[in-house]
Every structure is written in C-alpha cells, then in structure tokens.
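Notes for the structure review
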Amino acid sequence: MTAVEQITYLFTHLGIKTWSILLIVLFILVVELILRLSKKKISTEYATKVEMTERFGDIEGASLRYYRLNQHIDIARVVVISLGISALIFVFNVQAFSVLAVATGAIILVLREPITSFVAYFYIVSVYDIGDDIRVKGFLGEIVRQRPLYTALAGKDDNGDYNGKLTLIPNNILMNDIVEEQELKVDAYRRVSMPIYYIHNTFREAYPEWNTKFRAFLDELLPIRKTVGGVGNYKGYVGLRYKTRTDYSEKGDILITLSFISKPEKIASYKQQIVEYIESTRKHEVENAGKSANKVKQV
C-alpha cells in the first residue's frame, strides 16, 4: 500500500470529524511550542541585557520591553486557545454543544469571580499597558503582568521607587473599582511640596520684603510650564513656575507651602538651591550672639 493509499485509508476510516479534531489540537500544540520557545528567547536576551546595563533608566526600559513582549505572547496564547475551543465546539454536534452550554452555566455559577476576571482580561489589556503605574485598593505599583485571571503590580512608593513587593490584583477588581493612573516613571514629572516656615526675629528682613525677594529667586530658578505636554498629569501647572499657599502654623509662625513640578533628576538640585537661599537670608548665629551680648551689657 502506497503512502497516498495509506492517507486515504486513514482519512476514510477516521472520518472528517476526527481529522478536524486532530488538526485543531495539532495547531494548538504547534503554536504553544512556538510561543514557549519565543518566551525562552526573550528571557535569555533580557538576562543578557541586564548584565550589560549599568544605568537604572536603561534597566527599567529593558524590563518594560521584556514584560510587554511576554504580554503579547500571553494574549496570543489566550486567543489561540479560545479559537481552538470554539472550533472544537463547532465540530461537535448541536446536542453536544447544548450539554456543554448547560455545564458552562453551572461552572459560571460556582466560579463566578474567576470567570468575571477572565472576561475582564480582554477589557484590561485594551485599556492598560505593561509599564503603566496605577493605584487600586490602596496598592500602588507598575503593571508588569496581565494574565487571564489577575494583573501583577510591582510595588512602588509615592516617589516612584520600587519597594520589592509584587501584588496580584484580580482582573474583576480592576474593571469594577476606581483605578488611579499615576506618573512615577524615571522620566515622568513629579510634584514637589516644600513647607517653609518664616519665623519672626530669625530673618534679616521683615516678611513683606523677604517674600518679594524669595519669589524673585523662584522666578529665576524654576522654569515656566507653557504647554500641556510639559506638565504630565499636573494640568494645573500650565503657564506657572510654582504655586504657594500661605498660612499660620500652630506656633504663630508664617507657613508657606511651596509646590512645583519637575523631572526627578532635577528635584534634588532645585530643593538644595531653595534651602541654601532661605538659609542665606536668615540672621547669622554670630549676629544673634552679638546682639544678646549687647543686651546683657546694657542691663
């Protein structure tokens, strides 16, 4: 019996339905093998790049690319499996489909939250990207994985630094609860808030004169934000260099709350210059000591 005759014999005796099932399963297995090999290659390349990279920003960028590529593979896997199951259902007869529908309904009732998380998965991958910083249910972090049942957040603090925590959030929570999008990337704008106390008798000048000069110093130090694209999510700073709010402290001193936005790499420099300027306007300790001595002599 020739090879063609053998194939014809198998096709005739196995039937179209059986062959269809075998081809569908074979297709799923081949795609799964390709995806697994792709993941292995991506992991190897990522490990090599991390070893060669020294700058934190570059490492973060490589990590985001690694997680995004893995996310694409996971989405492809979900799509292929879903299509495969749909094809298998189509191959079977209507009666089998009806039994499957009843069984599916029972499963949904028992596993309601996992099922809703799976449905929410397709919504989440269309709204959020790998690398987005979000706050949900009190958890703040960067999205590093989006799986059919959960989304993984690499924990961060309010300054954008990783805290070593990995939080798994069920997808149905991300779809039903309030989610705050944050800007905590290395190159994203941050809002800086500095409380400044004007304590009477510790500055050389009275508050009105001191405040005028302090504002002139800030106007020279801090750049003006002219466009919406230059403020990130802080739209209230468009056209401004900074904001101030003045009040009294519990001790009766003048409290100035200064706030401005900046890229992370410049924040430390700005704060240092502001502190140095304020300290330069205070009365020197020697002056204070001299005045105290003069008062003693006069007494």
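Refer to the preceding data block for the structure.
Here we summarise the structure given alongside this text. (Residues numbered from 1 in each chain as written. Predicted model: local features only at pLDDT ≥ 70, side-chain atom pairs only at ≥ 80, totals over all residues. Heavy atoms only, no water.)

1. Some words on the overall build of the chain
Summing up its helical and strand segments, the chain has 9 helices and 8 strands in all. Split into buried and exposed, the 299 residues of the chain put 30% on the buried side. Looking at the chain alone, contacts between residues at least 24 apart form 60% of all its contacts between residues at least 6 apart. In the form shown here, the chain has an accessible surface area of approximately 19,400 Å², with 61% of it arising from carbon and sulfur atoms. (Helix = DSSP H or I, 4+ residues; strand = E, 2+ residues; numbered from the N terminus. Buried < 20%, exposed > 50% of the residue type's maximum accessible area, 1.4 Å probe, protein only. Contact = heavy atoms within 4.5 Å. Areas by Shrake-Rupley, 256 points an atom, 1.4 Å probe, with all protein chains shown as cover.)

2. Observations regarding the packing of helix α7 (residues 207-221) against helix α8 (residues 264-280)
α8 packs onto α7 with a crossing angle of 155 degrees between their chain directions and a minimal axis gap of 11 Å. On the basis of their axis angle, the class for α7 and α8 is roughly antiparallel. Taken as a pair, α7 and α8 cross one another with a handedness that is right-handed. Taken together, the residues of α8 that come into contact with α7 (itself represented by W210, K213, F214, F217, L218 and L221) are Y270, Q273, I274, Y277 and I278. Looking at the contact of α7 with α8 residue by residue, the classes come out as 9 nonpolar, 1 polar and 1 charged. (Axes fitted to C-alpha atoms, helices over the stretch in contact; angles between N-to-C directions. Parallel < 35°, antiparallel > 145°, perpendicular 65-115°, else oblique. Left-handed = near helix turned anticlockwise from the far one by under 90°. Nonpolar A, V, L, I, M, F, W, Y, C, P; charged D, E, K, R; others polar.)

3. Section: the side chain of S117
Among the structural elements, S117 can be located in helix α5 (residues 112-127). Assessed through its relative accessible area of 2%, S117 is described here as buried. Only 2.9 Å separates the side chain of S117 from the side chain of N172, close enough to count as a polar contact. (Polar contact = N/O pair within 3.5 Å; in protein donor to acceptor, adjacent residues only side chain to side chain.)

4. Focus: the sheet that holds strand β6 (residues 190-198)
Strand order across the open sheet formed by 3 strands is β6-β8-β7, with antiparallel pairing between neighbours. The sheet is open, and its two edges are formed by β6 and β7 (243-248), each paired on a single side. Neighbour-to-neighbour, the strand axes of the sheet open up by a mean angle of 20 degrees, direction not taken into account. Bridge count for β6 against strand β8 (residues 254-262) is 9 bridges, and the pairing is antiparallel. Looking across to β8, one finds that R190 is bridged to S262. (Pairing = 2+ DSSP bridges.)

5. Let's talk about the pattern of salt bridges
Tallying each qualifying case throughout the model produces 6 salt bridges. With its nearest N and O atoms 3.1 Å apart, the salt bridge here joins D177 to K137. A residue pair is termed long-range when its members are at least 10 positions apart, and D177 in the loop between α6 (171-176) and β5 (180-182) and K137 in the loop between β1 (133-136) and β2 (139-146) qualify at 40 residues. R282 is paired through a salt bridge with E279; the nearest N and O atoms lie 3.0 Å apart. Judged by its relative accessible area of 22%, R282 falls in the partly exposed class. The network of salt bridges with shared partners includes D133, E142 and K156. (Salt bridge = Lys/Arg side-chain N within 4 Å of Asp/Glu carboxyl O.)

6. Some details on the sheet that holds strand β3 (residues 150-156)
Spatially, 5 strands are ordered β4-β3-β2-β1-β5 in an open sheet, and the strand pairing comes out antiparallel. Sheet topology places β4 (162-170) and β5 at the edges, where each strand pairs with a single neighbour. Across the sheet, the mean angle separating the axes of adjacent strands is 40 degrees when strand polarity is ignored. Inspection of the sheet shows β1 paired to β5 by 3 bridges, in the antiparallel sense. Opposite R135, over in β5, you have E180 as the bridge partner.

7. Observations regarding the nonpolar core
Counting 22 residues, the largest nonpolar core has W210, F214, L218, L258, F260, I274 and I278 as the members making the most contacts within it. Elements supplying a minimum of two residues to this core: β6, α7, β8 and α8. A per-element tally of this core places α7 first, with 6 residues. In contact with L258, not counting residues within four places along its chain, are V192, S193, M194, I196, F214, L218, Y242, K243, T244 and I274. (Core = buried A, V, L, I, M, F, W, Y, C linked by side-chain atoms within 4.5 Å.)

8. Regarding the packing of aromatic side chains
This model, assessed by the stated rule, comprises 11 aromatic pairs. Judged by centre distance (5.2 Å) and plane angle (65 degrees), the rings of F203 and W210 are edge-to-face. Using a relative accessible area of 3% as the deciding quantity, one classes F203 as buried. Judged by relative accessible area, which is 1%, W210 ranks as buried. Ring centres 6.0 Å apart and planes at 90 degrees place the aromatic pair F260 and Y270 in the edge-to-face group. Placement of F260 in strand β8 and of Y270 in helix α8 is noted, with a sequence separation of 10 residues between them. The residues F260 and Y270 share a single accessibility class, namely buried. Linked through ring pairs, Y198, F203, Y207, W210, F214, F217 and Y277 together constitute an aromatic cluster. Cation over ring: K243 sits above Y237, and NZ or CZ is 4.6 Å from the ring centre. The ring of Y189 has K263 sitting right over it, with the charged end atom 5.0 Å from the ring centre. (Phe/Tyr/Trp six-rings, centres within 6.5 Å; stacked < 30°, edge-to-face > 60°. Lys NZ or Arg CZ within 6 Å of the ring centre and 35° of its normal.)

Take it as geometry only, folks, not as evidence of what the structure does.
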